[in-house]
Amino acid sequence: MKPAAFAYAKARSVDDAIRLLGDHKGEAKLLAGGQSLIATLNMRLSHPSLLVDINGVAGLDGVRLNGGTVEIGAMTRHVTLERSSDIAKHAPLIALAMPHIAHPAIRNRGTIGGSLAYADPAAELPACLVALGGEIDIAGPTGKRSVKAEDFFKGLFETALGPHDVLTAIRIPAATLDSRVGFVELARRHGDYAMVGLAAAARQHGKGLSDVRLVYFGVGETPVRARKAEAALGGGSIDEAVNALDLDPPDDIQATGAVKKHLAGVLLRRAAAQLAGSRA
Ligand SMILES: Cc1cc2nc3c(=O)[nH]c(=O)nc-3n(C[C@H](O)[C@H](O)[C@H](O)COP(=O)(O)OP(=O)(O)OC[C@H]3O[C@@H](n4cnc5c(N)ncnc54)[C@H](O)[C@@H]3O)c2cc1C
């Protein structure tokens, strides 16, 4: 199918993008990598009157280390994160997740900002950001604000972004010597969206783990923290963590909820092994 007719504007700055979005009163959409947006246009699931292209807006891409924080510009392509030595060293959970996101051609264009703004419940990066306790920087008509990743994902394809907002950057605490991470997912074919996936982060505490965060994707409308399992894994028992898995995944096109719940337990055992063995 072909998209419905739309106008096109290339934003010169973040402020310009916000102004263009405001001028079209919720009828305009930002164009980042286009890897999700163009498909929804072609299927006529979305028919904006204007596309505001933010490719080329200065200052929106790149990985920066700022003290103990890793800052990633919204327009940073997946491929850049995949190949970045700074990401491998200071944000190893994101490095582990990258090869699971789609295919190289899509990773060449897709951006971290687009992935978070799109908020597909089976996407890898939203779960990673929640597991890492990240923050999302937003610029809008009334100024700038930051939202914790945990508060950013509001529902199915729904975020804290307003219709005239631009996601500008992501900030996560840089990994320290005691950081431990794990990333596992099950997909029908490599590169497909996950049936179920798990992004895990923790701190080594003596021979055990503390600050365990287990964030599932593909099991609900948003990334889902399994808080009871986190507590049990922090207490040292993988079996208890699996038994405590407080998930209630709905059936979807990929699998029944019961199958997903079973797979979540399988993934938890694998992620726990990674947490026990990984060193940032
Ligand atoms: C075949 C295929 C397989 C895929 N598989 C996976 C997968 O396994 N895992 C996965 O995570 N993703 C997958 N994707 C999606 C891919 O990761 C996209 O790159 C990503 O979802 C969207 O990023 P984008 O930069 O292309 O955004 P776009 O498509 O340009 O935009 C997506 C949405 O976000 C909005 N948006 C974009 N940037 C901003 C911003 N800075 N501020 C506010 N709003 C913004 C747009 O207006 C639009 O509504 C797949 C895509 C395809 C086509």
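Calculation notes
- Residues numbered from 1 in each chain as written.
- Predicted model: local features only at pLDDT ≥ 70, side-chain atom pairs only at ≥ 80, totals over all residues.
- Heavy atoms only, no water.
- Helix = DSSP H or I, 4+ residues; strand = E, 2+ residues; numbered from the N terminus.
- Expected span 1.5 Å × (residues − 1).
- Buried < 20%, exposed > 50% of the residue type's maximum accessible area, 1.4 Å probe, protein only.
- Contact = heavy atoms within 4.5 Å.
- Near = heavy atom within 4 Å.
- Polar contact = N/O pair within 3.5 Å; in protein donor to acceptor, adjacent residues only side chain to side chain.
- Areas by Shrake-Rupley, 256 points an atom, 1.4 Å probe, with all protein chains shown as cover.
- Pairing = 2+ DSSP bridges.
- Axes fitted to C-alpha atoms, helices over the stretch in contact; angles between N-to-C directions.

Peer 1: Mind showing me how you'd approach helix H12 (residues 257-277) here?
Peer 2: Counted at 1.5 Å a residue, the expected span for H12 with its 21 residues is 30 Å, and the 30 Å between its end C-alpha atoms agrees. All of the buried residues in H12 are Gly257, Lys260, Leu263, Ala264, Gly265, Leu267, Leu268, Ala271, Ala272 and Leu275. Each element contacted by the buried residues of H12 is listed here: strand S11 (179-186), strand S12 (196-205), strand S13 (208-217), helix H10 (227-234) and helix H11 (238-243).

Peer 1: Help me understand the site of the ligand, please; the structure alone is not making it clear to me.
Peer 2: Taken together, 31 residues form the shell around the ligand, and within it Leu30, Gly34, Leu37, Thr111 and Glu124 come nearest. A distance of 2.7 Å separates a nitrogen atom of the ligand from a polar atom in the side chain of Glu124. Between the ligand and Asp192 there is a distance of 3.5 Å, counted from an oxygen atom to a backbone nitrogen or oxygen. Relative to its free-state accessible area of 970 Å², the ligand is covered by the protein chains to the extent of 88%.

Peer 1: Would you explain the sheet that holds strand S6 (residues 135-140) in this entry?
Peer 2: Neighbouring strands of a sheet are bound in pairs by backbone hydrogen bonds; such pairs are parallel or else antiparallel. Spatial ordering of the open sheet is given by S4-S5-S10-S6-S7, a layout of 5 strands whose pairing is antiparallel. Strands at the two margins of the open sheet, each flanked by one partner only, are strand S4 (63-66) and strand S7 (143-148). Looking at each pair of strands side by side, their axes are set apart by 25° on average, direction ignored. With 4 bridges connecting them, S4 and strand S5 (residues 69-73) associate as antiparallel partners. Residue Asn66 lies in a different strand from S5, and its bridge partner there is Thr69. In the packing of helix H1 (residues 14-23) onto the sheet, contacts are made with S6 and strand S10 (166-173), and the angle to S10 comes to roughly 130°.

Peer 1: Teacher, can you tell me more about the sheet that holds S12 here?
Peer 2: Taken in spatial order, the 4 strands make up an open sheet running S11-S12-S13-S14, and their pairing is antiparallel. Unpaired on one side and paired on the other, S11 and strand S14 (224-225) mark the two borders of the sheet. With 2 bridges connecting them, S13 and S14 associate as antiparallel partners. In the strand pairing of S14, Tyr216 is matched with Val224. Against the sheet, helix H8 (residues 124-131) makes contact with S11, S12, S13 and S14, and its axis sits at roughly 155° relative to S13, the strand it touches most.

Peer 1: I keep staring at the environment of Ser49 and nothing clicks. Help me out?
Peer 2: Inspection of the secondary structure puts Ser49 in the loop between helix H2 (37-42) and strand S3 (50-53). Remark: the alpha-carbon pair of Ser49 and Asn243, spanning 194 residues in sequence, is separated by 50 Å. With sequence-adjacent residues up to four places away left out, Ser49 is seen in contact with Phe6, Ala7, His24 and Glu27. Only 3.3 Å separates the side chain of Ser49 from the side chain of His24, close enough to count as a polar contact.

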